[in-house]
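Here is what each chain is made of, one letter per residue.
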Amino acid sequence: MDCGKLAPSDEGTPQGGICSPLLANIYLHQFDEWFVRNFARPDKATNRPAFEAWYQERKQGGTKAAAQMYRYADDWIVPVRGTRAQAQAIKEQCKTFLQETLGLELSEEKTTITHIRDGFNFLGYQVFRCDQPSDRRTVGVFVQPTEKGLKSMKQKIKEMTARKTLRDDYVYKIQAINAAVRGWANYYRAVNPTAAFQELDRYVWMRLRKWLEKKYQVSPSQVRRQYMHRQKGPKGGTVEFAAQEADGTWIWRYRTVQTKLIYHRPTYKKNWPNPYLEKVKCEHYILPTLKVIWGGYHEAPTYIANRREALRRTKGTCERCGTTKKLTVHHKHRVNRRKRKVEQADNRPEMLEVLCRACQDAEHRAENIYRMKQYAQQRQANAVKSKGEPVAGTTCTAGSVEGMRKHALRKG
């Protein structure tokens, strides 16, 4: 599928398809076994002679470097503890095996040899080591979101708050931004993402403020007074963007710094645990249902937004009897559902009427009686046109008289 057009392919797997990583794992399994046989450290408990021989080659001044491969589908890295020449030799051997045995070509543009101090990117993460503390930085190995990933997320927020989206509903806009920001933050919550999180929060705040200024034609100070509120409770204390549903529920902007990070500082474990495989309590989020979910790109459900405005205008009461139970929104000017459009006049808030269930049923009965009278008059008018003379008990209109005149001229 390219730009909405289906292009059949005779070979290969589709880009981003679920079958692509599965086939890569099956085909590259030989590569994993070959790497373990040639470069991995032998198990000391099961094969002590091989481990002793490997350790002698690994000692200072030896010819063998310690290497370990980490692979995810067709993306893989090889951390090497040794010289640059040894790392280059391992790269050439891997290239030769992939080309001669598996018939694959190693991309020279994407395959580089770098020092851990300079860092490298893998699966959206940037891994680097800091040796000298400066500017409040500590010494150690750090993992954080890549600049490319942060830039891509900013571009997504920019598209969601572009000028062409000014007609979108404010409540749905906050929900769509929250879904995108929360998903991005949860992916990086097990590393060191604080600096990237703070930068993304500042960018979302700026874009949302500009979007509200253009949408409602107000100043920055008016945006702060009208659309930013102080949240109460344990998470309160700060002024944040918020919107209120018709039932009084508040929707607050989600900040990435609110994401609960996963910290691992093992003191007695031999290996670092996997943060996504540990038996920890699952976190629950209040997610929108399938009926109201919206990605933030296409046109928002305008009718639902206008329905909320109509309920807010009447303060939750029926406009005819004043009751507050079982309220519905009624169209004053209804049309065929198949012909209705989002921008049509009957979906505007001033063309919507808040009624209770009893008043709405009475209104529908009156509409049905009126519609049946209209059908009866239309049938009588059609009969007048077909016969060319008035029917007893019918009313002649200007259109029916003109039709009879033309019919008489055609007969004459």
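Above this text sits the structure in question.
Conventions adopted
Residues numbered from 1 in each chain as written. Predicted model: local features only at pLDDT ≥ 70, side-chain atom pairs only at ≥ 80, totals over all residues. Heavy atoms only, no water. Pairing = 2+ DSSP bridges. Helix = DSSP H or I, 4+ residues; strand = E, 2+ residues; numbered from the N terminus. Axes fitted to C-alpha atoms, helices over the stretch in contact; angles between N-to-C directions. Buried < 20%, exposed > 50% of the residue type's maximum accessible area, 1.4 Å probe, protein only. Left-handed = near helix turned anticlockwise from the far one by under 90°. Contact = heavy atoms within 4.5 Å. Phe/Tyr/Trp six-rings, centres within 6.5 Å; stacked < 30°, edge-to-face > 60°.

*Asks:* Please provide a residue-by-residue account of the sheet that holds strand 7 (residues 140–145), values included.
*Replies:* Pairing between sheet strands relies on hydrogen bonds along the backbone, with the strands arranged either parallel or antiparallel. What the three strands build is an open sheet, ordered 5-6-7; its pairing is antiparallel. In this open sheet, the two strands that pair with only one neighbour each are strand 5 (120–122) and strand 7. For this sheet the average axis-to-axis angle between neighbouring strands, irrespective of direction, equals 30°. Bridge count between strand 5 and strand 6 (residues 125–130): three bridges; the pairing is antiparallel. Residue pairing across strands places Phe 120 opposite Val 127, the latter belonging to strand 6.

*Asks:* Report on the pairing of strand 11 (residues 327–331), specifying residues and quantitative values.
*Replies:* When you tally the buried positions in strand 11, you get four out of five residues, the bulk of the element. Bridge count between strand 11 and strand 12 (residues 352–356): five bridges; the pairing is antiparallel. If you follow His 330 over to strand 12, its bridge partner there is Glu 353.

*Asks:* Lay out the sheet that holds strand 9 (residues 239–244) in plain terms, naming residues and giving numbers.
*Replies:* Spatially, 8-9-10 is the arrangement adopted by the three strands of the open sheet, whose pairing is antiparallel. Here the strands that pair on one side only, and so sit at the sheet edges, are strand 8 (228–230) and strand 10 (250–252). Sheet twist, expressed as the mean angle between neighbouring strand axes with direction ignored, is 55°. Of the strand pairs in this sheet, strand 9 and strand 10 are connected by three bridges, and their pairing is antiparallel.

*Asks:* Can you break down the packing of helix 2 (residues 29–39) against helix 4 (residues 84–100) residue by residue, with the values?
*Replies:* The description of two helices packed together rests on the angle between their axes and the distance between the axes. The geometry of helix 2 relative to helix 4 is characterised by a closest axis approach of 11 Å and an angle of 140° between their N-to-C directions. Crossing hand, helix 2 versus helix 4: right-handed. Taken together, the residues of helix 4 that come into contact with helix 2 (itself represented by Gln 30, Phe 31, Trp 34, Phe 35 and Phe 39) are Ile 90, Gln 93, Cys 94, Phe 97 and Leu 98.

*Asks:* Explain the pairing of strand 6 to me, using residue names and the numbers behind them.
*Replies:* Here strand 6 lies mainly inside the structure; five of its six residues are buried. Between strand 5 and strand 6, which follow one another and run antiparallel, lie two residues, and Leu 123 among them has a positive phi close to 55°. Both strand 6 and strand 7 contribute to a ladder of six bridges, which runs antiparallel. Residue pairing in the sheet places Cys 130 in a bridge with Gly 140 of strand 7.

*Asks:* For the packing of aromatic side chains, give the residues involved together with the corresponding values.
*Replies:* Here the structure, examined in full by the defined rule, presents 16 aromatic pairs. On the basis of an interplanar angle of 25° and a centroid distance of 5.2 Å, the ring pair of Tyr 125 and Tyr 187 is categorised as stacked. Separated by 62 residues along the polypeptide, Tyr 125 in strand 6 and Tyr 187 in helix 6 (residues 170–187) bring together distant segments of the chain. Ring geometry for Tyr 170 and Tyr 227: centres 5.6 Å apart, planes at 85°, overall edge-to-face.

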